[in-house]
Amino acid sequence: MTKNFLKFYKVIVRVLSLFLLLTLVYIFIVLMIKTNELGFVKSFVALAFLISFTFFTLQHISLKELEGLESKVKKMTIENKIKEDLLKKSNIEEVFAILKNYFKNLNCVLEVFIKDKNEVIPKKNSANKNINQSDLEDVVKCKFGDLECIFIIKSLSNKTDMHEVKNSLENFLPLIETLITIKENRENIEKQQNYLLRINNLIEYSIKISNTLVLEETYMWIIKASSVLFGADSVSILDTSNGKGLYRFLGSKGLDLEKLTEIENKINSPYFGEHIDAIVKTGKINYIPNTNEFPGWAVTSENSKSWLGIPLSDLENNVFIVINIGKDIPNYYTIDDVKFAETFQKTVNIAITKNLLLERYRMDSITDPLTKLYNRREFENRLLYEITQAQRYQTKFTLLLMDLDRFKSLNDTFGHLVGDTFLREFADVLRNSIRASDIAFRIGGDEFAAILTHADKIKAVQIAKRIKSNLSKIDLGVSFKPSVSIGIKEYNNESRDELIIECDKLLYVEKLRSHGS
């Protein structure tokens, strides 16, 4: 509208100028014809010149004013359009990119820097160079909350009005501050919403964990909860209750058995696993932002990643479980994630307490208090289970029944304290002589049993020899040579009671043979 008005005004001014000139020429010609007074003509010419000069001067001034007004309106229009574009952007990078493009049209280069403490860090797409403020002439500083920005304006032409350019930049600063404030508020709201969602999910998972009855199911829900709440690529649960060298995984997600075994072997070695050892020692959460930069990390075929280790405590407040949470992106987890991990740790520990108590009561009911081996009740249940599995999947297993030789004589001669020591020592020998998949029991006073899974009689004989050999090495501190008689019976479709009776007969034969010798 202003542009059209300016054109119209210029046309009017030109018409009036032409009309004025023609009028003066006409009057001059009439005066020259009708008068002979030269002085009067000179006076008229001087007056006409003065009138013309005044008119054209006013005309020039008014045109300049109008052109200036047009320039200002044009600039305001462009700036308003830029502001509209800025309001549509949610990314601060895009905001700065639009501003840079705008100042490029003004024959200027705009560089944006974010000042952090004593460092000046170039924003993306800015020149990557060190800035010394004292060497800069055209600098605009501003602070938006905790964010301090440095805008550097460089002219590409000597004709550029830098004062006008700076004023133009300052016109955008309030809007930039508003956009940054809106962005920060939006991020804070999203952060709070995500935190509330996380807490709600944590509550739901803690209820599910509390409702479990056995620890195996508890561990499964802990793995699920960790995976969801931390967006993890891999989660595993490590049993640390037996100390360094005996760490073992109880379950995992996102890690195959081969990789899990590889990790387990390495963290149990003296050269790796410091991150786990520190958790067990301090009971505190451990965070490694980038495992490639941690010298004690067990290097495997895994990619570099972020790792969170969260300890869980038993009823005596000792670390017995470490939850390993991995993300295949270095520096993925933030301070907020570590703080949430503390909330997660406390919540899960409360939820798991009931399960630990139940497990303790259950173990007390199926465990012999002296030797810590499973008792007769558990022996009968496990034997029935193994028979069912063997019948269903056509697998093998072998039963060992053991009786300590001359145990009554030991008790009568040296007392029950020595006898109890012998029972505990033999339990340790039995545990260390069988395989990890096998199960040992104390089924009577000096009677023991072992179920050797997936083992035929040949393998069972080898294990029985190992038990006898290891038993012969123990020293009870008295003049007594420990020995044991062992009955060996491979399962062959018998019932539970039939299998026990057959194995007991073989034990009796073995005992007679050993006494005879």
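Everything quoted here is computed from the prediction, not taken from an experiment.

Enquirer: Could you clarify how one ought to interpret the pairing of strand S13 (residues 484–490) in this entry?
Expert: Every regular strand shows the same layout, with side chains that alternate between the two sheet faces. Burial runs high along S13: six of the seven residues are buried. Two strands pair when backbone bridges link them, and strand S10 (residues 397–404) and S13 are joined in this way by seven bridges, in the antiparallel orientation. Bridge assignment links Leu 401 to a residue of S13, and that residue is Gly 487.

Enquirer: Please clarify how the sheet that holds strand S5 (residues 234–239) should be interpreted in this entry.
Expert: Two orientations exist for strands paired in a sheet by backbone hydrogen bonds: parallel and antiparallel. Taken together, the five strands give an open sheet; going across it, the order is S6-S5-S9-S8-S7, and neighbouring strands pair in antiparallel fashion. Since the sheet does not close on itself, it has two edges, and those belong to strand S6 (248–253) and strand S7 (286–288), each with one partner. Looking at each pair of strands side by side, their axes are set apart by 15° on average, direction ignored. Here S5 pairs with S6 via five bridges, running antiparallel. Of the residues in S6, the one forming a bridge with Ile 237 is Gly 251. Along the sheet face, helix H6 (residues 257–267) touches S5 and S6 and points at about 145° away from the line of S6.

Enquirer: What am I meant to see in helix H10 (residues 407–414) here?
Expert: Owing to its 3.6 residues per turn, the α-helix aligns residues three or four sequence positions apart on the same side. Here H10 has its buried residues at Phe 407, Leu 410 and Asn 411. Angular distribution of buried residues about the axis of H10 spans 95°; they occupy a single face of the element. Facing away from the buried side of H10, by more than 90 degrees, are the exposed residues Lys 408, Asp 412 and Thr 413. Looking at the buried residues of H10, the elements they touch are S10 and helix H11 (416–433). Looking one or two places after H10, you find Gly 415, whose phi comes out positive at around 95°.

What counts and how
Residues numbered from 1 in each chain as written. Predicted model: local features only at pLDDT ≥ 70, side-chain atom pairs only at ≥ 80, totals over all residues. Heavy atoms only, no water. Buried < 20%, exposed > 50% of the residue type's maximum accessible area, 1.4 Å probe, protein only. Helix = DSSP H or I, 4+ residues; strand = E, 2+ residues; numbered from the N terminus. Pairing = 2+ DSSP bridges. Axes fitted to C-alpha atoms, helices over the stretch in contact; angles between N-to-C directions. Contact = heavy atoms within 4.5 Å. Arc of directions from axis to C-beta.

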